[in-house]
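Understanding the architecture of this molecule
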Amino acid sequence: MAIGARDTIDQLLVQKYAEEKVDNHDNLPSMVDPEKMMGAMRDYAFMQANMFAMSQRLKKVCASINAKTASYKNPRIASALQ
């Protein structure tokens, strides 16, 4: 398997991007403290996990309320639950 430009479009792209200069981001000081960013991400993930857990509990509560409501409306189900 050959490495390199095989057709004219690839060759033109190689020529174009060979002359491009890029900034070396490793030498620049970070504008955001990494520890502060990780703390914010950790807090956000914790809140999302809590919201998900609460929604799951709420689904169970609502399902049981709906089941009890349905049993009161239908006498067959009400007699089966007793």
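Residues numbered from 1 in each chain as written. Predicted model: local features only at pLDDT ≥ 70, side-chain atom pairs only at ≥ 80, totals over all residues. Heavy atoms only, no water.

**Details of the overall build of the protein**
In terms of regular secondary structure, the protein is built from three helices and zero strands. Tracing the protein from N to C terminus, the helices and strands come up as α-α-α. Working note: accessible area of the protein is about 8400 Å², and carbon and sulfur atoms make up 62% of it. (Helix = DSSP H or I, 4+ residues; strand = E, 2+ residues; numbered from the N terminus. Areas by Shrake-Rupley, 256 points an atom, 1.4 Å probe, with all protein chains shown as cover.)

**Things to note about a nonpolar patch on the surface**
A contiguous nonpolar patch, built from Met31, Val32, Met37, Met38 and Met41 and spanning about 560 Å² of accessible area, is present on the exposed surface. Relative to the assigned elements, Met31 resides in the loop between helix H1 (8–18) and helix H2 (34–73). (Patch = residues over 30% accessible without salt bridge, like charges linked within 9 Å, V, L, I, M, F, W, Y side chains within 5 Å. Salt bridge = Lys/Arg side-chain N within 4 Å of Asp/Glu carboxyl O.)

**Re the confidence of the model for the protein**
Should the pLDDT be low somewhere, the predicted coordinates at that spot are not to be read in detail. Of all residues in the protein, 73% attain a pLDDT of 70 or more, and the chain-wide mean is 80. The spread of mean pLDDT over the elements of the protein runs between helix H3 (residues 75–81), the lowest at 59, and H2, the highest at 89. (pLDDT = per-residue confidence, 0-100.)

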